[in-house]
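For reference, the chains in residue letters:
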Amino acid sequence: MGAHKNRLLLKIGLYFIILFHKVKVTLNTSVTSTISPASLQPYFDFNVQRNITVTVGQTGFLNCRVERLGDKDVSFIRKKDLHILTAGTLTYTSDQRFTVLRRENPSMWTLQIKYPQISDSGTYECQINTEPKMSLSYTFNVVELKAQILGPNDLYVKSGSQIIINCKLTQGPHDLGSILWYKGNEIVDTSIQQNSISQINNKKYHDRISIETDWSDGLKSTLTIKRAIQSDTGNYTCVPTIAKSSSVWVQVISGEHPAAMQHNSAPSLLFVFSDSRRHNCQKSSFVKKLIYFRTVGIYVILMVFVAILQQLPSLVLIQNRFNSR
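In short, a report on the structure. (Residues numbered from 1 in each chain as written. Predicted model: local features only at pLDDT ≥ 70, side-chain atom pairs only at ≥ 80, totals over all residues. Heavy atoms only, no water.)

**Some remarks on the sheet that holds strand β3 (residues 60-67)**
Here is step 1: Strand order in the open sheet formed by four strands is β1-β3-β8-β7, and the pairing between neighbours is antiparallel. The sheet terminates laterally at β1 (43-45) and β7 (98-102), the two strands that pair on one side only. Ignoring strand direction, the axes of neighbouring strands in this sheet form an average angle of 30°.
Here is step 2: As paired strands, β7 and strand β8 (residues 108-113) are joined by five bridges and run antiparallel to one another. (Pairing = 2+ DSSP bridges. Helix = DSSP H or I, 4+ residues; strand = E, 2+ residues; numbered from the N terminus. Axes fitted to C-alpha atoms, helices over the stretch in contact; angles between N-to-C directions.)

This is the structure we're talking about:
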């Protein structure tokens, strides 16, 4: 009886062992079939900026975030000539402006482009060397900006009046930087002594020079000089941090100068040289030269014609002698 019971327990134990093994195999097979090779592939994080605009000379960054990279490599390709710029952490171009940066985030790969030019604009790709290759495109725009000083290139200002020069920058990246003002080669500093105190007609004035900057509509900087004096004459240049500069010549004139100034009844006037008058003067000078050269040409033609007439009898005589032979 005891032996029979032991055999029964042994059979039951073997049955549970076999059953447990089958269940384990079934579970492993199920898990293996659920995790397919495709689900283990790297993938791009599309939550990055892929349309980048910079100005000429402003360093550009193309950020590529790759998750679950594993043993694969990330490369950056320039699409227009299919040139491999970087692969992994190595650079494959002699152009040292292109480098790859690794941030604290191990999944982030950044292509850095220093001193970009207009010719660097175009499409770039971040690639993963899977089969088939995976790629993410970026549009890189390099624009050239130039500041604009509103008004003519030459300002003629009456002594004691107010000078107002507006410099504007409207296009480009979101961050337009700032604007500095220069008079000649020296920066316009609103804290210098010549700004703090000026003396006109034995009266002292404070804070003659001021600069105001407005970012509400692009970038605008206004240079204001109150009670203009002779020493304010010079070339004024606005120099943006991300754009080409623009200049204007200011001439402070004592007394009236009707040939070069426009008159206005408003107080603190800014007298401006007339562009139309300058154009008319240039046009008048050109017409005078044209009339002069036309007169000289007609005179030369007449002289040649008279010379031919004077020689005509001799030519007829020679012709007759030749015919008589």
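Next comes the rest of the description.
**Describing a nonpolar patch on the surface**
Here is step 1: Among the surface-exposed residues, Val 296, Tyr 299, Val 300, Met 303, Val 304 and Ile 308 lie close enough to one another that they form a single nonpolar patch of about 560 Å² accessible area.
Here is step 2: Looking at the element boundaries, Ile 308 is found in helix α3 (residues 275-324). (Patch = residues over 30% accessible without salt bridge, like charges linked within 9 Å, V, L, I, M, F, W, Y side chains within 5 Å. Areas by Shrake-Rupley, 256 points an atom, 1.4 Å probe, with all protein chains shown as cover. Salt bridge = Lys/Arg side-chain N within 4 Å of Asp/Glu carboxyl O.)

**With respect to the packing of aromatic side chains**
The description of two aromatic rings rests on the distance between their centres and on the angle between their planes.
Here is step 1: Within this structure, the stated rule accounts for one aromatic pair.
Here is step 2: Residues Tyr 124 and Phe 140 carry aromatic rings whose centres are separated by 6.0 Å and whose planes lie at 85° to one another, so their mutual orientation is edge-to-face. With Tyr 124 in strand β9 (residues 122-128) and Phe 140 in strand β10 (residues 134-143), the pair connects residues that are 16 residues apart, well separated along the chain. Note on accessibility: Tyr 124 and Phe 140 belong to one class, buried.
Here is step 3: The ring centre of Trp 109 lies 3.7 Å from the NZ or CZ of Arg 102, which sits over that ring. (Phe/Tyr/Trp six-rings, centres within 6.5 Å; stacked < 30°, edge-to-face > 60°. Buried < 20%, exposed > 50% of the residue type's maximum accessible area, 1.4 Å probe, protein only. Lys NZ or Arg CZ within 6 Å of the ring centre and 35° of its normal.)

**Notes on the state of the cysteines**
Here is step 1: Per the stated rule, a full pass over the model turns up two disulfides.
Here is step 2: Here Cys 64 pairs with Cys 126 through a disulfide, and the sulfurs are 2.1 Å apart. Around the S-S axis, the bridge from Cys 64 to Cys 126 shows a dihedral of about -80° and counts as left-handed. With a gap of 62 residues between them, Cys 64 in strand β3 and Cys 126 in strand β9 connect regions that are remote in the sequence.
Here is step 3: Taking relative accessible area as the criterion, Cys 64 reaches 0% and is therefore assigned buried. (Disulfide = S-S within 2.5 Å.)

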